[in-house]
Amino acid sequence: MSGLLIGYNTAVIAPALEFVTADFALSPFMQGVAVSSVLFGGFVGALLAGALVRHTGERPMLLATGVLFAVGGVGAALSESFLPWLLWRTVTGLGVGAATMVAPLYVSETVPPRVRGALVSIIQLTITLGILASYLAGTVWTPARAWQPMLIVGAIPVLLLMLVVFAVPESPRWYLLHGRREEAKQAHRRLNEGKGDPLLEQAGDAATVDWRNLFAGRNLLVLILATGLFAFANLSGIDAILYYAPVIFAQVGFGGTYGPILATVSIGVVNVVATLVAMALIDRLGRRPLLIGGLVPMAASLIVLAIVLANGQGAAWANIVAVSCLGLFVLAFGVSLGPLPYVLMSELFPLALRGAGMGIASATAWGVNVLVSLTFPVLVEAFGLALVLGFYGVISIAALLFVLALVPETRGRSLELIEANLANGRPIRDLGLPLPASARSA
């Protein structure tokens, strides 16, 4: 439910932007502001949630995100001028940022290692389903040029989120963090019916660890890795493609009222299918192979797309190649930089710093997202779509080098093993390896 709300409420601006722009007479820069408002809220919401979740628990934080989604969605839909609309969309963004951080945190701490990758990836899957749902909502209300119902629909899943949260216990690891061993055991039994792995001990002073330790020693390397993956994911251009998809498709030859939005829906379908593929493979092939195997076609497709747009725009063959490149890019992103940053950030931070670390990593995602969404229409106006997309392709090459150098393979490893490797001085790329004999005997 968190992923569905995140995906719908961020991407609904794609079908709604044309009509919001007309109603509020927005310039290209203000269009960027409109798109970025929910993303700026996401940046702030992720930081706040990361700072508070260690004290509040994960269930209360999920309930708070539901309230923010509901209030923000209805408030924006009822706005009659741009400033109130902007403020309510920012409120929605607070829920987006908090959910981006706390939902993968809860899942990673409550599921067995053998399926952790797939189950954390469900969040990315439901984000893509939410994006697709927003595009479908656009097809329903585009003929009426009505953006208000598109925004109201985004608040409906809140009720389901509340019901789901009330049905599950607090994370056992959150109880352990606060020394509440018996409650942790009860929550653990409730989650796995006594059939799962035993609940491991946690140092009693973990809850007193200062969040500023994130910026010291080896914890800083983990923070750089987690934030770097999210930065590259958003700098890859995926947000510009998803949020401005109708505009892009109009430029590559899809005309009429329905042409751009229907082509956009097809991209949403590809995004969902790619994430399903990633879920099936992530705990079989591992994290590194999917990242590497996705980044290569991501870079290639955007560079080819840029060349085609620069040299053959308007020709029928060029439009076919352009759409194929967009589809390949979204497919490759969906099996790599889409789900994997969520999975890895939920695995690599030590328990005492996990909430704060994931909050900063998630905030990085939304901060870069703001930058991309705010600058994309201005950059396209100044340099042209081809050059901007080619630049995003070069960024994917840089992301590939980053992954090759730093990302560990954590498939099937317990969170405690990864944390022990970090504490024992293992290189970041080796955090998923078995403990050395000396550490095991200790």
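Peer 1: I'd like a rundown of a nonpolar patch on the surface, residues and numbers included.
Peer 2: Together, Met1, Leu159, Leu160, Leu163 and Val164 line one region of the surface with nonpolar side chains, adding up to about 470 Å² of accessible area. Here Val164 is to be found in helix H8 (residues 157–167).

Peer 1: I'd love a proper account of the pattern of salt bridges, names of residues and values included.
Peer 2: Using the criterion set out here, one finds eight salt bridges in the structure. A salt bridge links Glu18 to Arg145; the shortest N-O distance between them is 3.6 Å. One end of the pair, Glu18, is in helix H2 (residues 13–24); the other, Arg145, is in the loop between helix H6 (113–141) and helix H7 (148–153), and 127 residues separate them in sequence. Arg145 gets classed as partly exposed once you look at its relative accessible area, which sits at 44%. Of the charged contacts, one joins Arg287 and Glu347 as a salt bridge, the two residues approaching to 2.5 Å between their closest N and O atoms. Of the two residues, Arg287 sits in helix H15 (residues 287–312) while Glu347 sits in helix H17 (residues 340–348), which places them 60 residues apart along the sequence. In this structure Glu347 comes out as buried when scored by relative accessible area, which is 0%. Put simply, Arg116, Asp283, Arg287 and Glu347 are held in one network by salt bridges that share partners.

Peer 1: Report on the environment of Leu87, specifying residues and quantitative values.
Peer 2: Looking at where Leu87 falls in the secondary structure, it is placed in helix H5 (residues 82–110). Along the sequence, Leu87 and Ser37 sit 50 residues apart, while their C-alpha atoms lie 7.7 Å from each other.

Peer 1: Give me the side chain of Ser171: which residues, what numbers.
Peer 2: Among the secondary structure elements, Ser171 is positioned in the loop between H8 and helix H9 (172–177). Those residues in contact with Ser171, other than ones at most four positions away along the chain, are Glu58, Tyr106, Glu109 and Thr110.

Peer 1: Let's hear about H8: which residues, and what values?
Peer 2: Three or more residues of H8 are buried, namely Pro157, Val158, Leu161, Met162 and Val165. One side of H8 carries all its buried residues, which in axial view fall inside an arc of 145 degrees. Residues of H8 that are exposed and angled more than 90 degrees away from the buried face: Leu159, Leu163, Phe166 and Ala167.

Peer 1: Kindly report on the packing of helix H3 (residues 28–56) against H5, identifying the contributing residues and their values.
Peer 2: Relative orientation of the contacting elements H3 and H5 amounts to 40 degrees, with a least axis distance of 6 Å. As summarised for this structure, H3 and H5 are arranged oblique, according to the angle between their axes. Here H3 and H5 pass one another in a crossing that is right-handed. In the contact of H3 with H5, the residues fall into 18 nonpolar, nine polar and one charged.

Peer 1: Explain H2 to me, using residue names and the numbers behind them.
Peer 2: Taking 1.5 Å as the rise per residue, H2 with 12 residues should run 16 Å; its terminal C-alpha atoms sit only 14 Å apart, a clear shortfall. Burial of H2 is extensive: nine of the 12 residues sit out of reach of the surface. Every buried residue of H2 is listed here: Ile13, Ala14, Pro15, Ala16, Leu17, Phe19, Val20, Thr21 and Phe24. Residue Ala25 follows H2 closely and has a positive phi angle near 50 degrees.

Peer 1: Any chance you could break down the nonpolar core for me, citing the residues and the numbers?
Peer 2: Ranked by size, the top nonpolar core spans 124 residues in total, and within it Trp85 and Tyr392 carry the most contacts. At 13 residues, the largest contribution of residues to this core is made by helix H18 (residues 351–383). Setting aside chain neighbours within four positions, we find Tyr392 in contact with Leu235, Ser236, Gly237, Ala240, Leu302, Val372 and Phe376. In this structure, Trp174, Tyr175, Leu176 and Ala187 belong to the second largest nonpolar core, which totals six residues.

Peer 1: Give me the environment of Arg426: which residues, what numbers.
Peer 2: You can see Arg426 is positioned in the loop between helix H20 (415–423) and helix H21 (437–441). The exposure class assigned to Arg426 is buried, which follows from its relative accessible area of 18%. Through-space distance from the C-alpha of Arg426 to that of Arg218 is 9.3 Å; in sequence the pair is 208 residues apart. There is a polar contact of 2.8 Å between the side chain of Arg426 and the backbone oxygen of Pro434.

So, how was this worked out
- Residues numbered from 1 in each chain as written.
- Predicted model: local features only at pLDDT ≥ 70, side-chain atom pairs only at ≥ 80, totals over all residues.
- Heavy atoms only, no water.
- Patch = residues over 30% accessible without salt bridge, like charges linked within 9 Å, V, L, I, M, F, W, Y side chains within 5 Å.
- Areas by Shrake-Rupley, 256 points an atom, 1.4 Å probe, with all protein chains shown as cover.
- Salt bridge = Lys/Arg side-chain N within 4 Å of Asp/Glu carboxyl O.
- Helix = DSSP H or I, 4+ residues; strand = E, 2+ residues; numbered from the N terminus.
- Buried < 20%, exposed > 50% of the residue type's maximum accessible area, 1.4 Å probe, protein only.
- Contact = heavy atoms within 4.5 Å.
- Arc of directions from axis to C-beta.
- Axes fitted to C-alpha atoms, helices over the stretch in contact; angles between N-to-C directions.
- Parallel < 35°, antiparallel > 145°, perpendicular 65-115°, else oblique.
- Left-handed = near helix turned anticlockwise from the far one by under 90°.
- Nonpolar A, V, L, I, M, F, W, Y, C, P; charged D, E, K, R; others polar.
- Expected span 1.5 Å × (residues − 1).
- Core = buried A, V, L, I, M, F, W, Y, C linked by side-chain atoms within 4.5 Å.
- Polar contact = N/O pair within 3.5 Å; in protein donor to acceptor, adjacent residues only side chain to side chain.

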